[in-house]
Amino acid sequence: YNGSASFVDTTSLKCSTPEVAVSGQVPVYVSLNSVDYVMASTAVMFTYHYMPEIESINPATGPVAGNTRVTITGTNFDEPPASCGIVCRVGLNLGTVEWVSET
């Protein structure tokens, strides 16, 4: 896939990832002439993941004062890398999250 990239400045580019069939880590390559590509170091990989799917929420109600501990079950709740924060939004409000398992 040769996607288009946008020049930001002498130290940054922006590009969009293509759709893929499976999740996992892939190397990132950059070319300044569409012929010669340079791969990022092995420490710099892009990770695709499946979008989580919510199947149930328990309990489904709570007081307006908040602090109701809600369990969300579903699929594709992959454990995120330490650099990513899991966020749960209830309506327009952000809640704290504790990752338990992939399901």
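Given the structure is predicted, the values throughout are model-derived calculations rather than measurements.

1. Examining the overall build of the protein chain
- Of regular secondary structure, the protein chain possesses 0 helices and 10 strands.
- From first element to last, N terminus to C terminus, the protein chain shows the α and β order β-β-β-β-β-β-β-β-β-β.
- Buried residues in the protein chain amount to 3% of all 103 residues.
- Partitioning the intrachain contacts of the protein chain with sequence separation of at least 6 by distance along the chain shows that 28% fall at a separation of at least 24.
- Accessible surface computed for the protein chain: about 9,000 Å², of which carbon and sulfur atoms make up 56%.

2. A short note on the packing of aromatic side chains
- Within the structure shown, the criterion is met by 1 aromatic pair.
- Centre to centre, the rings of phenylalanine 46 and tyrosine 48 are 5.0 Å apart; their planes meet at 80 degrees, and the pair counts as edge-to-face.
- Tyrosine 48 gets classed as buried once you look at its relative accessible area, which sits at 15%.

3. Considering the environment of isoleucine 72
- When you line up the elements, isoleucine 72 lands in strand β8 (residues 71-75).
- Residue isoleucine 72 is classed as partly exposed on the basis of its relative accessible area of 30%.
- Sequence-distant contacts of isoleucine 72, defined by excluding residues within four places in its chain, comprise Ile54, Ser56, Ile57, Phe77 and Cys88.

4. Quick word on the pairing of strand β1 (residues 5-9)
- Of the strand pairs in this sheet, β1 and strand β2 (residues 12-15) are connected by 4 bridges, and their pairing is antiparallel. Its bridge partner lying in β2, phenylalanine 7 is registered against leucine 13.

5. Quick word on unusual backbone geometry
- Residue proline 59 follows asparagine 58 across a cis peptide bond; omega there is -5 degrees.
- As for its position among the elements, proline 59 is in the loop between β7 (53-58) and β8.
- Even without a glycine there, the phi angle at serine 34 is positive, about 65 degrees.
- Within the fold, serine 34 resides in the loop between β4 (29-31) and β5 (37-39).
- Phi at asparagine 67 takes a positive value of approximately 65 degrees, unusual for a residue other than glycine.
- Mapped onto the elements, asparagine 67 comes out in the loop between β7 and β8.

The rules behind these values
Residues numbered from 1 in each chain as written. Predicted model: local features only at pLDDT ≥ 70, side-chain atom pairs only at ≥ 80, totals over all residues. Heavy atoms only, no water. Helix = DSSP H or I, 4+ residues; strand = E, 2+ residues; numbered from the N terminus. Buried < 20%, exposed > 50% of the residue type's maximum accessible area, 1.4 Å probe, protein only. Contact = heavy atoms within 4.5 Å. Areas by Shrake-Rupley, 256 points an atom, 1.4 Å probe, with all protein chains shown as cover. Phe/Tyr/Trp six-rings, centres within 6.5 Å; stacked < 30°, edge-to-face > 60°. Pairing = 2+ DSSP bridges.

In short, the description is geometric, and any link to function would need to be established separately.
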